[in-house]
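# Coordinate analysis (summary)
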Amino acid sequence: AQSVAQPEDQVNVAEGNPLTVKCTYSVSGNPYLFWYVQYPNRGLQFLLKYITGDNLVKGSYGFEAEFNKSQTSFHLKKPSALVSDSALYFCAVGGSSNTGKLIFGQGTTLQVKP
Amino acid sequence: GAVVSQHPSWVICKSGTSVKIECRSLDFQATTMFWYRQFPKQSLMLMATSNEGSKATYEQGVEKDKFLINHASLTLSTLTVTSAHPEDSSFYICSASRGGRGWTNTEAFFGQGTRLTVV
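Residues numbered from 1 in each chain as written. Chains lettered and ligands numbered in written order. Predicted model: local features only at pLDDT ≥ 70, side-chain atom pairs only at ≥ 80, totals over all residues. Heavy atoms only, no water.

## Quick look at the nonpolar core
The condition that has to hold: Only buried residues count toward a nonpolar core. Its members are Ala, Val, Leu, Ile, Met, Phe, Trp, Tyr and Cys residues joined through side-chain atoms within 4.5 Å. Accessibility here uses a 1.4 Å probe with only protein chains present; expressed as a share of the type maximum, an area under 20% marks a residue as buried, one over 50% as exposed, and anything in between as partly exposed. Helix and strand assignments follow DSSP, with helices taken as H or I runs no shorter than four residues and strands as E runs no shorter than two, numbered in order from the N terminus. The criterion used for residue contact is that any of the two residues' heavy atoms lie within 4.5 Å.
Counting residues in each nonpolar core, the largest one holds 26 residues, and the members touching the most others are Trp35(A), Leu47(A), Leu48(A), Phe74(A), Leu76(A) and Tyr89(A). Looking at this core, the elements with two or more residues in it are strand E2 (10-14), strand E3 (19-21), strand E5 (33-38), strand E6 (44-50), strand E8 (64-68), strand E9 (73-78), strand E10 (87-94) and strand E12 (108-113) of chain A. Tallying contributions element by element places E10(A) first for this core, with 4 residues. Excluding residues that lie within four positions of it along the chain, Leu76(A) makes contacts with Leu19(A), Thr20(A), Val21(A), Trp35(A), Leu47(A), Leu48(A), Phe63(A), Glu64(A), Ala65(A) and Tyr89(A). Among the nonpolar cores identified, the runner-up in size contains 25 residues, and Trp35(B), Ala84(B), Ala96(B) and Val118(B) belong to it.

In structure tokens:
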């Protein structure tokens, strides 16, 4: 069964500092990995995805993620955090059916302080 | 980018009544739509997968008679919460899938969500 885990409920970082939001996955077969961001009472906004190719994936708003097969991880990163990055972040893995079904991690709240 | 519109954004209803939530793909045809439920500060839990013209596939533990899903066209899916009770209060989010086979060609786009409060 596909699953994804986000070990941190909350990440706190000062504005201007680099940030990392962790994600590990468990899949049978090729992993299709995604990051989404959610602002309060809003739907999810797509940040980036890994399907194949380069392990470092660049996405929206300056975010990037590194796919590490040996560690089964797909951590989200940003070199310099902004206060406006404060939100709830979800890592997800694509279901094996390839229809658009996503299995989400439990989410990590990112708090960027001025 | 593709747009998925969900309506209403929020709704308050009395216990025992039914509520319908619409999910529309505005600029693409969605072969598959998904309905998720999210409790405060928790993850999204998939409720059901909806394919146009066929019965929805419900996840284990989701009552199909309580959460009625209709996917009448390639651009519209509806979720009806029947005989709503306070424990049904939650944030419901739909997503619509565009593309063909394989994740290289498939993307999921999310609606803005519906906050349901049953009083």
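Further notes follow.
## Points about the sheet that holds strand E1 (residues 4-7) of chain B
Residues and elements named next belong to chain B. Threshold: Any two strands between which DSSP finds at least two bridges are classified as paired. For helices, the fitted axis covers only the stretch in contact; all axes are lines through C-alpha atoms, and the angles between them, taken along N-to-C directions, range from 0 to 180 degrees.
Across the sheet, which stays open at both edges, the 4 strands sit in the order E1-E3-E8-E7 with antiparallel pairing between neighbours. Strands with a single pairing partner mark the edges of an open sheet, and in this sheet they are E1 and strand E7 (67-73). Recorded for the sheet is a direction-independent mean angle of 15° between the axes of neighbouring strands. Taken together, the 4 bridges between E1 and strand E3 (residues 19-25) define a ladder with antiparallel strand orientation. Bridging across to E3, Ser5 finds its partner in Arg24.

## Overview of the pattern of salt bridges
Residues and elements named next belong to chain A. Inclusion rule: The salt bridge criterion pairs a side-chain nitrogen of Lys or Arg with a carboxyl oxygen of Asp or Glu, the two atoms within 4 Å.
Considering all chains together, one arrives at 6 salt bridges over all chains under this definition. Notably, a salt bridge pairs Lys58 with Glu64, separated by 2.9 Å at the nearest N-O pair. Residue class for Lys58 comes out exposed when judged on its relative accessible area of 61%. A relative accessible area of 18% means that Glu64 is categorised as buried. The shortest N-O distance in the salt bridge between Lys77 and Glu66 comes to 3.5 Å. Here the residue Lys77 occupies a position in strand E9, and Glu66 occupies one in strand E8, the gap between them amounting to 11 residues.

## Examining the interface of chain A and chain B
Using the following cut-off: In short, buried area is how much 1.4 Å probe accessible area vanishes from two parts on joining, totalled over both. Here the term charged refers only to Asp, Glu, Lys and Arg, the term nonpolar to Ala, Val, Leu, Ile, Met, Phe, Trp, Tyr, Cys and Pro, and the term polar to all other amino acids, Gly among them.
At the junction of the two partners, chain A supplies 22 residues and chain B supplies 24 residues. Taken over both partners, the interface formed by chain A and chain B buries close to 1800 Å², and the fraction arising from carbon and sulfur atoms is 57%. The tally of links between chain A and chain B comes to 1 salt bridge. For the salt bridge of Lys101(A) with Glu59(B), the shortest nitrogen-to-oxygen distance reads 3.6 Å. Only E5, E6, E10 and strand E11 (102-104) of chain A provide two or more residues apiece to the side of chain A that touches chain B. Residues of the side of chain A that touches chain B, tallied by class, amount to 9 nonpolar, 10 polar and 3 charged.

## A few points about the packing of aromatic side chains
Residue and element names in this part refer to chain B. Selection criterion: Stacked, edge-to-face and tilted are the three classes for Phe, Tyr and Trp ring pairs, Trp counted by its six-membered ring, which pair at centre distances within 6.5 Å; planes under 30 degrees apart are stacked, over 60 edge-to-face, the rest tilted.
Applying the stated criterion across every chain yields a total of 14 aromatic pairs over all chains. Between Phe67 and Tyr92, the aromatic rings sit 6.3 Å apart at their centres with planes inclined by 45°, giving tilted as the arrangement. You can see Phe67 sitting in strand E7 and its partner Tyr92 sitting in strand E9 (residues 90-98), a full 25 residues away along the chain. Accessibility expressed as a relative area gives 5% for Phe67, which makes it buried. By relative accessible area, which is 0% here, Tyr92 ends up buried.

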